Structures are given as structure tokens and as C-alpha cells.
Amino acid sequence: MTTATNPRVLEHPAREDIRLEAVLHALSDAVRLRIVRCMALADTGAELSCSYFELPVTKSTSTHHFRVLRESGVVQQIYRGTAKLNMLRRDDLEALFPGLLDSVLTAAGAQAARLGETERHGAPGSGV
């Protein structure tokens, strides 16, 4: 794991340190899966702020979910000014676990359709 020497630099596992168990755990939660689905639907390489996501949880719980996603290696977070931006680590996940992310996202989409869940990804008025 990389070590943060600057408080504005967040720790992320190096590609070779990402574990399947951690990724599956991160994706097993409905809120975290919703975040990842939203990021996957955004433009490739999109940097999305935490406030972009419309989540049914408190801000502190949202922070927890983003931390789990970051520490598992599913997302990368960086600071730009005062905003914390999130990017899906699709290339790293695909290199380590070919097809896993796409399979999980396809299954999650099928489940949402089966349950008649409305797709709401971004913040109100974001168009996503």
C-alpha cells in the first residue's frame, strides 16, 4: 500500500496489492455497487466528486463507502482544490480479474431491471 505523507494525498493499494476478496466485499454493498455503476456509466476516466452521487445515506456513511471502495482498489480518489474526486480503476481491475467488473455490473443492471428500480445515478440536474 502506498504511504500518504501529505494529508491531502490518500492511500490506495498498488495494482499488485489489490485482492479479490476486498473487491468482492466492496461490491457486495448496495450503496457501493450503486456508486460503481454510476461511475461505470460516466465517461471513461471521469473524475466525479463525492457530492455528485445522489445516495440514500448520510454524508458520514457516504464517506465510509467511498473509503471502502478506495481501500479495496475499486476507485482512486484525488483532491483537486477542496473537492475529492473519484475515478473507477477499471484498467487495474480488468488486468487483475478479467471480466469481473463487467460481469458484476451486468448482473446488477439485470437485477435493477427485474426489480423495476429506477436508474438514478448522479446528483439532481446532473443529467446522469
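The rules behind each value
In this numbering scheme, every chain counts its residues from 1 along its sequence in written order. For a predicted model such as this one, the threshold for reporting local features is a pLDDT of at least 70, and the threshold for listing and counting side-chain atom pairs is 80 or more; totals across whole chains, interfaces and linings nevertheless cover every residue. Computation of side-chain values covers all heavy atoms of the structure but excludes hydrogens and water. For the purposes of this entry, the term helix denotes a DSSP run of H or I that reaches at least four residues, the term strand denotes a run of E that reaches at least two, and both are numbered from the N terminus. Burial classification: accessible surface area is computed with a 1.4 Å probe over protein chains only, and a residue below 20% of its type maximum counts as buried, one above 50% as exposed, and the rest as partly exposed. Throughout, a residue-residue contact means that at least one pair of heavy atoms, one from each residue, lies within 4.5 Å. Note on areas: Shrake-Rupley, 1.4 Å probe, and residue coverage restricted to the protein chains presented here. Two strands pair under a simple rule: DSSP has to find at least two bridges between them. Note on definitions: angles span 0 to 180 degrees between N-to-C directions of axes, and those axes are lines fitted to C-alpha atoms, for helices only across the stretch in contact. A residue's pLDDT is simply how confident the predictor is in it, with values from 0 to 100. Working definition: roughly parallel below 35 degrees, roughly antiparallel above 145 degrees, roughly perpendicular at 65 to 115 degrees, and oblique for all remaining angles. Here a crossing is called left-handed whenever its near helix is offset anticlockwise from the far helix by less than a right angle, and right-handed whenever the offset is clockwise. Each residue receives one of three labels: charged for Asp, Glu, Lys and Arg, nonpolar for Ala, Val, Leu, Ile, Met, Phe, Trp, Tyr, Cys and Pro, and polar for the others, Gly being one of them. Classification of ring pairs rests on two measures: the distance between centres of Phe, Tyr or Trp rings, Trp counted by its six-membered ring, which must be within 6.5 Å, and the angle between planes, read as stacked under 30 degrees, edge-to-face over 60 and tilted in between.

**Q** How would you explain the overall build of the protein if you had to name every residue and give the values?
**A** What the protein contains, in helices and strands, is five helices and three strands. Counting from the amino terminus, the protein carries its helices and strands in the arrangement α-α-β-α-β-β-α-α. Here the protein, with 128 residues, has 37% of them falling under the buried criterion. A fraction of 66% describes how many contacts in the protein between residues 6 or more apart in sequence connect residues 24 or more apart. If you sum the accessible surface of the protein, you get close to 7,400 Å²; carbon and sulfur atoms cover 53% of it.

**Q** An account of the sheet that holds strand β3 (residues 83-88) is requested, with residue identities and associated values reported.
**A** Spatially, three strands are ordered β1-β3-β2 in an open sheet, and the strand pairing comes out antiparallel. Across the chains shown, the open sheet's two edge strands, defined by having one partner strand only, are β1 (48-49) and β2 (75-80). Bridging between β1 and β3 involves two bridges; their strand directions are antiparallel. Residue pairing in the sheet places leucine 48 in a bridge with asparagine 86 of β3. The strands touched by helix α3 (residues 59-72) are β2 and β3; relative to β2, the strand with the most contacts, the crossing angle is about 115 degrees.

**Q** Could you give an account of the confidence of the model for the protein, with specific residues and numbers?
**A** Mean pLDDT over the protein works out to 87, with 86% of the residues at or above the 70 mark. Averaged over each element, pLDDT in the protein is lowest for β1 (90) and highest for helix α1 (residues 20-27) (98).

**Q** Explain the packing of helix α2 (residues 30-41) against α3 to me, and be specific about the residues and the numbers.
**A** As a packed pair, α2 and α3 sit with axes 10 Å apart at the nearest point and diverge in direction by 70 degrees. The angle between the axes of α2 and α3 places the two elements in the roughly perpendicular class. Crossing geometry of α2 relative to α3 is assigned as right-handed. Across the interface between the two elements, Val31, Arg32, Ile35 and Val36 from α2 touch His64, His65, Phe66, Val68 and Leu69 from α3. Across the contact of α2 with α3, the residue classes break down as six nonpolar, two polar and one charged.

**Q** Which residues make up the pairing of β2, and what values do they have?
**A** As judged from the six bridges shared by β2 and β3, these two strands associate in the antiparallel manner. Residue pairing across strands places valine 75 opposite leucine 88, the latter belonging to β3. The turn joining β2 and β3, which pair antiparallel and follow one another in sequence, is formed by two residues; a positive phi near 65 degrees is taken by glycine 81.

**Q** Before we move on, could you go through the environment of glutamate 54 and cite the residues and values that matter?
**A** Mapping glutamate 54 onto the fold places it in the loop between β1 and α3. On a C-alpha basis, the gap between glutamate 54 and arginine 34 in space is 9.6 Å, while along the polypeptide they are 20 residues apart.

**Q** Give me the packing of aromatic side chains: which residues, what numbers.
**A** Two numbers describe a pair of aromatic rings. These are the distance of the centres and the angle of the planes. Following the criterion strictly, the structure yields two aromatic pairs and no others. Geometrically, the ring pair formed by tyrosine 52 and phenylalanine 53 is edge-to-face, given 5.4 Å between the ring centres and 85 degrees between the ring planes. Across this residue pair, the class does not change: tyrosine 52 and phenylalanine 53 are buried. Relative to phenylalanine 66, the ring of phenylalanine 53 lies with its centre 5.4 Å away and its plane at 55 degrees, an arrangement referred to as tilted. Placement of the pair is phenylalanine 53 in the loop between β1 and α3 and phenylalanine 66 in helix α3, with a sequence separation of 13 residues.

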